[in-house]
Structure formats: C-alpha cells, structure tokens
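Inside the fold
So the chains spell out like this:
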Amino acid sequence: MASNIFAKSSKEKAIFKDERVLYPEFVPERLPHRDAETDNLVFALKPLTEGKKPQNSLVLGKSGTGKTAVVKYVLKELEEFSDRAKYLYLNCFEFNTRHGILTEISNFLGEPTPRRGIATDEAYTKLLSALKRTSFTPIVVLDEVDQLMSGGEASKLFYDLLRVVEFEKARFGLVLISNDFSFSSKLDSRVKSSLAHQTVLFEPYSPPQLKDILKERAQYAFVEGALEKETINVAAGHAAKLGGDARIAIECLLRAGRLAERENTSQVLPEHLQRVFAEVDATGLEKYISFLSEHEKALLSIIPSNAETSSGELFKAYSKKSDKPLTERSFRSMLSKLESLNLIRAQFTEKGERGRTRKVSLLVP
C-alpha cells in the first residue's frame, strides 16, 4: 500500500517551535521599544474604567512600526481589566464605506443589520437603537483609515459617530490608525473640532530595535539553534532599508523558515532569507498599489530605479507626462503618501534655488 503523500512530506528536522508567533495577526504579550506610545493610549482610554468619556486617538506612523499591534494590545488589556469597554477592529481596506462600517458597528452592538438591502440612514438608526441598550462603551478601531478619504466617506462617517456623543449623550471611543501623516488636515473642520483627538506618533524602528524585536519573536517561534547567527542581522538589515518595517522582517523569517523546512535543513540560513526577500516585498507592494489613485500610480511609475532624483525634477517630468495639471501642493502630498507606505524614500536636503527639496528614490522593484 502506498504511503500517504502528507506522511512523505513530514520533516525530519524541526525548525519551528510555534510559527504562529510570526503571523501578521499575532499580538505579543510584550512590545519592545513602544512603552511611550502604549502609555499615551492607556492615558486616553483610562477614563473608561471610571465610567467617564475616553479621548479619541489618531495613531500615525509608517507601515510596520507597531501601530496595530500596540493598539490591539492596549485594548485587549483594557477588556481584561474592565467590563465597561469592548472594542471592534475594522480594517478599512476591507470596510471602506460609511455604510459598511455603520452596519458592522450595529452588528457588534447586537443589532442584526445586513450589509446590503438597507439604506445608510436606517443602518445608523439601528446603531443608535442598539447603543441605547448597550451596557458597555464601544471603542471602534479603524485601521488604514485613510482609505475612507475618497468620496468624502471619512468626514461623513465621523460626523455620524461623533453625533452619537454630542446629541445622544452616549459614550463612544474612536482609535484611528493611518500611514498618512496629513490625514487630520484633510478632515472637515467641524469633524476635526469634534474629534478632539490626541495624536500618537510611531517613529520607524532603528536597526538595533529591529534586531531586538526579531530576537524576541524568534525565541518563541523557532526551536533552539534553528537560526544561523547572522540570520537575524540580515532580516533586520533588509527591513531597515525599507524604512524600519518590522512586519516585513517577521514575514521574511516565517517564509525563510518554511523554505528551510521544505529543504529539510537543520537551520534557517541567510541564503534562505535572500531567496524570499523579493517574494515578501512583492506581496506588500501588491497590497498598497491596488489602492493607489491613478495619479499616484503614474508618479510611482516614473521614479527611476537604483538612482536618486530631486522632487523638483520629478515634478517637471510628471507634469510633462500627465494630461491633467497637478499643483505642487498635491504633488508634495502624493510624495508623502508614497513615502508613508514605504514605496519610496524622500529625504529633505539642504536648501536649493527654490528652497528645500527632497531626494527621491524607489524602495520597491
């Protein structure tokens, strides 16, 4: 009788102790180098534990700087500490309309609300009705919240949710997570005033900090001795080149470990990492590029690879190529967005003829 194909694929040499520690959704019990950011969020939410109103928070930082992990960690701790608050996490890549988010909140509050076949105003009425019966304060986390900006969805949605507090006298908390450092400036002035938020800024991880994070994850993810001593340094160095993105480094370790397992080797070597870098980088690239505007995609396409160009030269080149005029302010905003997504590096240089300029280089294939 032939042996089972899965039995034949069983590994002789164990690499992983628990690979789930390297999954994107994993929230560690300890978050190295993010104590100040954690404290800021705790301070904003602590009033809930005393039956008071929380402060809304806008969490800003480039991809892979620990924003989502810290927010989830703090809210998990809050739920364990007090039954006065529960949180709903929504990623706006998936829930990118006012209607979709209102229906999800209604369902979270115990009011069955279909996503289709119901008007947005009716979904909002159901949300208000459910909120009056709710014994806890909901904290709604909107990750990648800049995805709501197209079509004015963000301001309309926030106006709905902030009205709950102002007119219905109900408690409600918002935690907004974004890569776009200019996000709040794009909001309607009334919304910005009512939001009354604190901003929690996440700086990119430095190479030594990335090494600390990877060492800690590796300790729980891999069996002892499964990582060749230089592997952590190579993964951290690659992530540092891409703007300090810890998520990329962790994903590279996971895929390199699986590759080593497949080849039945006893260790994850730097060469395993080198072989998965392009695949991991391309996966992240596909995610973000699919949500860029046509202007942003066009700009990205003309940035030279393996060379730096000034922002002024890039603006001239883009203006010649595009049949739609673009203001310098819009151009600068586009550059900032591409940089926040770790697609480009755009560093300020000394003042030139027309003031400060930026040297722009591509970070992706």
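Everything here concerns the structure above.
What counts, and where the lines are drawn
Residues numbered from 1 in each chain as written. Predicted model: local features only at pLDDT ≥ 70, side-chain atom pairs only at ≥ 80, totals over all residues. Heavy atoms only, no water. Helix = DSSP H or I, 4+ residues; strand = E, 2+ residues; numbered from the N terminus. Polar contact = N/O pair within 3.5 Å; in protein donor to acceptor, adjacent residues only side chain to side chain. Phe/Tyr/Trp six-rings, centres within 6.5 Å; stacked < 30°, edge-to-face > 60°. Lys NZ or Arg CZ within 6 Å of the ring centre and 35° of its normal. Core = buried A, V, L, I, M, F, W, Y, C linked by side-chain atoms within 4.5 Å. Buried < 20%, exposed > 50% of the residue type's maximum accessible area, 1.4 Å probe, protein only. Contact = heavy atoms within 4.5 Å.

Secondary-structure assignment places T134 in the loop between α5 (120–133) and β3 (137–143). Considered as a pair, T134 and A170 are 36 residues apart in the sequence and their alpha carbons are 9.8 Å apart. For T134, the side chain forms a polar contact with the main-chain oxygen of A130, separated by 2.7 Å.

Right, let's get into the packing of aromatic side chains. Two numbers describe a pair of aromatic rings. These are the distance of the centres and the angle of the planes. A complete count under the given rule lists four aromatic pairs for this structure. Judged by centre distance (5.1 Å) and plane angle (65°), the ring pair of F315 and F331 falls under edge-to-face. Here F315 is found in helix α13 (residues 311–321), whereas its partner F331 is found in helix α14 (residues 328–340), with 16 residues between them in sequence. We note R34 situated over the ring of Y205; from NZ or CZ to the ring centre the distance is 4.1 Å. One cation-aromatic arrangement involves K72 over Y89; the distance from NZ or CZ to the ring centre is 4.2 Å.

Let us now look at the nonpolar core. Within the largest apolar cluster, 36 residues are counted, with the highest numbers of intra-cluster contacts made by I101, I105, L142, F158, F172, L174 and L176. Among the elements of the structure, β1 (57–61), β2 (85–91), α4 (98–108), α5, β3, α6 (153–167), β4 (173–178) and α7 (189–195) are those that each provide at least two residues to this core. Top contributing element to this core by residue count: α6, with seven residues. Beyond its immediate sequence surroundings of up to four residues, F172 is in contact with P54, N56, I105, L131, T137, P138, V140, L161, V164 and V165.

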